[in-house]
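# Summary of structural features
Chain residues, written in single-letter form:
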Amino acid sequence: MAEPGQATKQAAKQTAKPADQPVVVELKGVRKSFNVGLPNETEVLHGIDLTLRRGEFCAVMGPSGSGKSTLLNIVGLLDRPTQGLLKVCGEETTALADHALTRLRGHSIGFVFQFHNLLGAFTALENVLMPLLGDAGFPNAAMAERAAELLDSVGLSPWRNQPAGLLSGGQQQRVALARALAMNPALLLADEPTGNLDTQSADAVFDLLRRVNREQGTSVLFVTHNPELALRCDKTIEVVDGRVVAQAGG
Ligand SMILES: Nc1ncnc2c1ncn2[C@@H]1O[C@H](COP(=O)(O)OP(=O)(O)OP(=O)(O)O)[C@@H](O)[C@H]1O
């Protein structure tokens, strides 16, 4: 069992990415409360500052209930901060209308979750096609080709016509990653994508994330409870009780 802070200290020793890359995500004093105005109002994030640059791969660690998913939901524009500033891909988001947030999210952000939310009765290929469809009712040849390429890039070409529900957990997570990459997002948010997998499958999914990050310059926020995987990231932040208590690397 790693000591608290060990992962962040060791990550600091790793080589940092160049600091002159453009900023993809910037949070300043972000606070989040739930049940605002009700007797059970609770502040879960207490003023988070965070900068993520193009091509940076940042682990987010911290105990259960510390606010990691809440933070990812805010960065992913699925939820709004109660206070503070959030810039995504250079756009200040806090004053944006819902439809503008949806547009920015769709073009700039890919999500991979612990429970990958694939449609089990649909094939691997169909799952990857979903975000490419947009308003189109049916996929065109270019969409089908892109989905096939994405599945190939995660090593799943032979399984493209398998119903997703029949694939192994690791394979399903790779389909989820291919789906998240469909729109070529600048930012990938991964909330414990390896949490449900055996060590070998977790390593394979992590290696894929790392490869995408290195080859395409995708910035990644990667929530994990696994200190060994955190050590392989460019930087690590530790969130405890809604505050960033340690930051290393970057
Ligand atoms: N919609 C909500 N309404 C009220 N409280 C919430 C809501 N979502 C999260 N919380 C609370 O916010 C706190 C932080 O939750 P969050 O899921 O962000 O933690 P976490 O660090 O991701 O935990 P885990 O590692 O277990 O996934 C918890 O106390 C949780 O109960």
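Please read these numbers as outputs of a predicted model, since none were measured by experiment. (Residues numbered from 1 in each chain as written. Predicted model: local features only at pLDDT ≥ 70, side-chain atom pairs only at ≥ 80, totals over all residues.)

### Re the environment of Trp159
Note on placement: Trp159 falls in the loop between helix 5 (141-153) and helix 6 (169-180). Residues Trp159 and Gln114 lie 45 residues apart in sequence; the distance between their C-alpha atoms is 21 Å. Setting aside chain neighbours within four positions, we find Trp159 in contact with Ala124, Leu167 and Gln171. (Helix = DSSP H or I, 4+ residues; strand = E, 2+ residues; numbered from the N terminus. Contact = placed C-beta atoms within 7 Å.)

### A few points about the packing of helix 4 (residues 124-133) against helix 6
The geometry of helix 4 relative to helix 6 is characterised by a closest axis approach of 8 Å and an angle of 30 degrees between their N-to-C directions. On the basis of their axis angle, the class for helix 4 and helix 6 is roughly parallel. Note that helix 4 runs across helix 6; the crossing there is right-handed. Every residue of helix 6 that contacts helix 4 at Ala124, Asn127, Val128, Met130 and Pro131 is listed here: Val175, Ala178 and Arg179. Across the contact of helix 4 with helix 6, the residue classes break down as 6 nonpolar, 1 polar and 1 charged. (Axes fitted to C-alpha atoms, helices over the stretch in contact; angles between N-to-C directions. Parallel < 35°, antiparallel > 145°, perpendicular 65-115°, else oblique. Left-handed = near helix turned anticlockwise from the far one by under 90°. Nonpolar A, V, L, I, M, F, W, Y, C, P; charged D, E, K, R; others polar.)

### Side note on the sheet that holds strand 5 (residues 91-92)
Across a sheet, paired strands are connected by hydrogen bonds in the backbone, their directions being either parallel or antiparallel. The strand order 2-1-4-5 describes an open sheet built from 4 strands, whose pairing is antiparallel. The sheet is open, and its two borders are formed by strand 2 (42-53) and strand 5, each paired with just one other strand. Two strands pair when backbone bridges link them, and strand 1 (residues 23-34) and strand 2 are joined in this way by 9 bridges, in the antiparallel orientation. Its bridge partner lying in strand 2, Phe34 is registered against Thr42. (Pairing = 2+ DSSP bridges.)

### Thoughts on the site of the ligand
In the vicinity of the ligand, the residues found are Phe34, Thr42, Val44, Gly62, Ser64, Gly65, Ser66, Gly67, Lys68, Ser69 and Thr70. Sort the elements by how many residues they give to the shell around the ligand and helix 2 (residues 68-75) lands first, with 3 residues. Split into classes, the residues belonging to the shell around the ligand amount to 2 nonpolar, 8 polar and 1 charged. (Near = placed C-beta within 6 Å.)

### Comments concerning the nonpolar core
Counting 63 residues, the largest nonpolar core has Cys58, Val60, Leu177, Leu221 and Phe222 as the members making the most contacts within it. The element that contributes the greatest number of residues to this core is helix 7 (residues 199-216), accounting for 6 residues. Residue contacts for Val60: discarding those within four places in its chain leaves Lys68, Leu71, Leu221, Phe222, Val223, Ile237 and Val239. (Core = buried A, V, L, I, M, F, W, Y, C linked by C-beta atoms within 7 Å. Buried ≥ 20, exposed ≤ 12 C-beta atoms within 10 Å, placed from the backbone.)

### Re the confidence of the model for the protein chain
For the protein chain, mean pLDDT is 89; residues scoring 70 or higher make up 92% of the total. Taken together, the stretch residues 11-17 has pLDDT below 50 and engages in 18 contacts with residues farther than four places along the chain or on a different chain. Here the complex is predicted with pTM 0.88, and the ipTM for its interfaces comes to 0.98. (pLDDT = per-residue confidence, 0-100.)

### Regarding the sheet that holds strand 3 (residues 57-61)
Within the open sheet, the 6 strands sit side by side as 6-7-8-3-9-10. Their pairing is mixed. Pairing within the sheet leaves two strands with one partner each, and these edge strands are strand 6 (109-113) and strand 10 (243-249). On average, each strand axis in the sheet is inclined to that of its neighbour by 15 degrees, with strand direction left out of account. Two strands pair when backbone bridges link them, and strand 7 (residues 187-191) and strand 8 (residues 219-223) are joined in this way by 5 bridges, in the parallel orientation. Opposite Ala190, over in strand 8, you have Phe222 as the bridge partner. The strands that helix 7 touches are strand 3, strand 7 and strand 8; relative to strand 8, the one it contacts most, it runs at about 155 degrees.

### With respect to the environment of Leu156
Relative to the helices and strands, Leu156 is located in the loop between helix 5 and helix 6. In sequence terms Leu156 and Lys68 are 88 residues apart; their C-alpha atoms lie 30 Å from each other. Those residues in contact with Leu156 that sit more than four places away from it in its chain are Ala124, Leu151, Gln171, Arg174 and Val175.

### Here's the deal with helix 5
If you check helix 5, its first and last C-alpha atoms are 18 Å apart, about what 13 residues at 1.5 Å a residue would give, namely 18 Å. If you follow the buried residues of helix 5, they end up packed against helix 4 and helix 6. Immediately beyond the C-terminal end of helix 5, within one or two residues, lies Gly155, with a positive phi of roughly 75 degrees. (Expected span 1.5 Å × (residues − 1).)

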